[in-house]
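Residue-level structure breakdown
Chain by chain, the residues:
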Amino acid sequence: MDQKESVRDITPWDGTLSSSDFFSAACAFSEKWKRFNAFVPPWLWVPSRKHHLLSSHKEEGYLSLEGMCLIKSSEEQESCRSQTWKEESSISQEEEAVDNATLVQSSCDEVNHYDFHIVYSPSYRVPVLYFRSYHSDGQPLPFGEIEKDLPDHSAKIRSESKWTFITQEEHPYLNRPWYKLHPCGTSEWMKLLFHGDTALNKNGFVIEHYLVSWFSVIGQVVGLKIPLGMLETLSC
Amino acid sequence: MSGAATVSASEAHKLVWEGSVPLLIHLHDSEVTTLPPPPPALVLAPRLGYLPLLISELKPYFSSTLPPGVDTLWFEYRGLPLKWYIPTGVLFDLLCVEPERPWNLTVHFRGYPSNLLLPCEGEDSVKWSFINSLKEAAYVTKGNCKNVMNMSQSDQVELWRSVLNGNLESYQRVSSKLKLGTFEDEYTENISAVSTASQQNSGEADAAAQVKSGRIPVRLYVWTVTEDFDDLESAPQIDNWDKVSYINRPVEIQKEDGKYFSLNDAIKSLLPEYFPGSSFDNLGDASTKQSVGDERENTCDPDSSSLPLENAEIKLVRIQGIEPCLEIPFSWVVNNLMNPEYFLHICVCLKVSEANALQ
């Protein structure tokens with residue numbers, strides 16, 4: 001293993017990860033997320049279904065964050081539109097606490113539900129964000145509505161970078177159409193994000209912080225913020 | 001398949017490009033508004049093509065009987081909606097274990113199941129999906145998709161047209177510019193001879209563009225059975241896409257001295273959970289499997305002690321409608337049987353124990 005590490009240190013890193021590195025990176029990411037995000041649901045590792053019974057390859061799977069609700073205020077003007085993410089279960093708790101007099105107001109707020117999965121792509125050797133959105137009744141949102149949910153700077157990021165665009169493709173494990181952020185340029189900008197870091201344990205550092213860095217960019221496209229505390233861990 | 005050794009590269013390509021599946025296409029009952037109902041349409045579909053591209057042939061048969069509305073074409077086989085972005089030949093090899101000729105399909109022009117199938121807006125969607133796969137194959141082979149992104153408009157048009165029309169010559173003219181090369185080793189051209197393949201290349205393979213990274217774009221479609229079946233007729237039917245494990249993962253060529261990399265090796269390398277003893281293991285470095293963090297609930301729990309796995313058995317392998325001998329060099333299979341988007345599609349049936357079966 002020592003030999004391998006020194007070989008890796010010599011060859012310039014191309015911004016990609018192996019499948020097992022992704023698993024390690026996913027563990028590190030979900031752990032940090034829990035630490036810095038006490039009031040937000042955790043990212044859970046979902047072993048891929050076919051390996052459900054074969055523990056020797058529990059490493060194959062994806063990270064899942066489901067049941068996120070995007071609550072939009074009923075303000076018509078875009079500049080006033082606020083975007084708040086809440087966990088599904090916390091919303092229902094709030095509704096119970098509200099009395100009849102205020103129920104009328106809250107029914108004007110639309111709640112769109114979002115599920116996010118971070119899935120490894122063996123072809124591109126990078127993580128890929130998949131997401132889907134649906135109304136409270138389970139009806140999927142058309143893309144036009146999803147676009148309205150995305151933060152204003154998302155369109156800017158997507159148009160500026162010819163690499164980052166949203167497409168609809170089949171989820172690699174679930175046999176259903178999901179939206180995904182195209183992975184074509186990921187390795188390029190991941191390389192840039194880590195440029196200049198010459199920590200001694202280069203590989204371990206990269207794996208440990210890969211998803212935090214990746215998410216700091218990708219999250220912006222879908223409006224998921226990464227807490228400052230997590231970003232600060234990148235500089236130590 | 002003993003014939004492989006005597007078929008030259010160009011002959012093999014020709015056979016693959018000419019391959020087609022006869023389809024007998026029935027309009028779904030719910031969309032028949034006239035009596036008598038229209039007879040089914042008999043269509044010869046290219047293996048390398050895609051079902052939605054048949055609309056121009058099908059529409060005339062059924063247009064007079066369709067209910068009013070906008071056409072949203074989709075197909076099903078015995079109740080299973082067909083994924084339109086999978087090449088026709090692959091769908092046939094996968095779903096029709098005992099090949100049915102003609103293959104009886106049902107067509108719909110209404111009521112698209114958008115919760116199950118990706119939307120398809122005709123030829124443009126299919127073309128986009130094709131180019132996307134081509135980019136992915138380029139990335140796998142070369143580490144970037146610049147060659148595809150930088151194609152001239154006219155080249156892109158010609159490439160797509162050549163696939164639409166099944167024109168191999170035109171395809172080779174344009175695709176050779178991509179320099180995606182072919183997988184070269186001493187077994188490529190001639191199975192019995194050990195000669196450097198580069199001298200023997202006929203027009204299309206660019207010897208200078210040998211695959212350096214050793215990654216080959218492959219799409220594996222795996223289904224499992226728990227019992228032997230004597231003949232194909234008694235093989236269980238795939239009635240649900242959850243019964244197919246779709247593995248879109250490149251094969252990493254591992255060269256060992258004195259041993260060539262066979263089709264069998266390639267398939268097993270993509271299924272390490274079923275073939276753990278395989279010397280060509282694709283899932284990544286064993287040395288990097290380290291536990292990170294301590295919590296165990298729902299987060300990563302890398303339990304790397306492997307259960308003693310029963311030996312899975314490869315029962316059936318189909319590529320371009322043929323069942324190749326598994327000991328054929330993988331390089332030959334790739335160079336001769338891949339699809340125009342540079343992916344090799346392989347349908348595999350595995351026999352496993354009850355516990356390991358895909359449900």
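Scroll up a little and you will see the structure.
Description of the structure in this document. These numbers come from a predicted model, not from an experiment.

A word on the overall build of chain B. Of the regular secondary structure elements, chain B holds nine helices and eleven strands. Considering chain B as a whole, with its 359 residues, one finds that 52% of them fall into the buried category. A separation threshold of at least 6 residues defines the contact pool for chain B, and within that pool the share at least 24 residues apart is 75%. Counting every atom, chain B has about 16,200 Å² of accessible surface; 49% of that belongs to carbon and sulfur.

To continue, consider the pattern of salt bridges. All names here are of chain B. Enumeration over the complete set of coordinates arrives at 19 salt bridges over all chains. Between Asp228 and Lys351 there is a salt bridge, with the nearest N and O atoms lying 3.6 Å from each other. Taken as a pair, Asp228 in the loop between strand S7 (218–225) and strand S8 (244–248) and Lys351 in strand S11 (residues 344–351) lie far apart in primary sequence, 123 residues in all. Judged by its relative accessible area of 21%, Lys351 falls in the partly exposed class. One network of salt bridges, with partners in common, ties together Asp228, Glu313, Lys315 and Lys351.

Grouped together as the largest cluster of nonpolar side chains are 152 residues, with contacts concentrated most on Phe116 of chain A together with Trp103 and Phe330 of chain B. With eleven residues, the top contributor of residues to this core is helix H8 (residues 202–222) of chain A. Within the second largest apolar cluster, five residues are counted, among which are Tyr62, Val119, Val128 and Tyr130 of chain A.

On to the packing of aromatic side chains, then. All names here are of chain A. Enumeration according to the criterion identifies 27 aromatic pairs over all chains in this entry. Ring centres of Phe23 and Trp45 lie 5.1 Å apart, and the angle between their planes is 75°; on these two criteria the pair is classed as edge-to-face. With Phe23 in helix H2 (residues 19–36) and Trp45 in strand S1 (residues 44–47), this residue pair connects regions lying 22 residues apart in the sequence. Comparing Phe23 with Trp45 shows no difference in burial state: the two are buried. Of the aromatic side chains, those joined through ring pairs into one cluster are Phe29, Trp33, Trp43, Trp214 and Phe215.

This brings us to the sheet that holds S11 of chain B. Hydrogen bonds between backbone atoms are what pair the strands of a sheet, whose relative direction is either parallel or antiparallel. All names here are of chain B. Reading across the sheet, the four strands line up as S8-S7-S11-S10 and stay open at both edges, with mixed pairing between neighbours. In the strand order of this sheet, the two ends are held by S8 and strand S10 (313–318), each with one partner. The mean angle between the axes of side-by-side strands here comes to 25°, regardless of whether they run parallel or antiparallel.

Here we come to the sheet that holds strand S5 (residues 103–108) of chain B. Residues and elements named next belong to chain B. Taking strand neighbours across the sheet as the criterion, the five strands line up as S2-S1-S5-S3-S4 in an open arrangement whose pairing is mixed. Of all the strands in the sheet, just strand S2 (41–46) and strand S4 (80–81) have a single pairing partner and so form its edges. Across five bridges, the pairing between strand S1 (residues 20–27) and S5 is parallel. Each bridged residue has a counterpart across the sheet, and for Leu23 the counterpart in S5 is Trp103. Along the sheet, helix H2 (residues 55–62) contacts S1, S2, strand S3 (74–77) and S5; its crossing angle with S2, the most-contacted strand, is approximately 175°.

A few words on the state of the cysteines. Tallying each qualifying case throughout the model produces zero disulfides over all chains. The structure places no disulfide on Cys325 of chain B, whose sulfur is separated from the nearest cysteine sulfur, that of Cys349 of chain B, by 18 Å.

Basis of the calculations
- Here the residue numbering is sequential within each chain, running from 1 through the sequence in written order.
- Each chain is given a letter, starting from A, and each ligand a number, starting from 1, according to the order in which they appear as written.
- A pLDDT threshold of at least 70 governs which residues receive local features in this predicted model, and a stricter bar of 80 or more applies before side-chain atom pairs are shown or counted, although totals over entire chains, interfaces and linings include all residues.
- Neither water nor hydrogens contribute to the side-chain values; these are computed over all heavy atoms in the structure.
- Only DSSP runs of H or I covering at least 4 residues are called helices, and only runs of E covering at least 2 are called strands; the numbering of each starts at the N terminus.
- Relative accessibility decides the category of a residue: with a 1.4 Å probe and only protein chains considered, values under 20% of the type maximum give buried, values over 50% give exposed, and everything between is partly exposed.
- Working rule for contacts: check all heavy atoms of both residues, and any pair within 4.5 Å makes them a contact.
- Per-residue and other accessible areas follow the Shrake-Rupley method at a 1.4 Å probe size, with only the shown protein chains counted as cover for residues.
- Should a side-chain nitrogen of Lys or Arg be within 4 Å of a carboxyl oxygen of Asp or Glu, the pair is scored as a salt bridge.
- To define a nonpolar core, start from buried Ala, Val, Leu, Ile, Met, Phe, Trp, Tyr and Cys residues and group those joined through side-chain atoms within 4.5 Å.
- Stacked, edge-to-face and tilted labels apply to pairs of Phe, Tyr and Trp rings (six-membered ring for Trp) whose centres lie within 6.5 Å, assigned for plane angles under 30 degrees, over 60, and everything in between, in that order.
- For two strands to count as paired, DSSP must find a minimum of two bridges between them.
- Note on geometry: axes are C-alpha line fits, over the in-contact stretch for helices, and angles between N-to-C directions span 0 to 180 degrees.
- The rule for a disulfide is simple: a pair of cysteine sulfur atoms within 2.5 Å.

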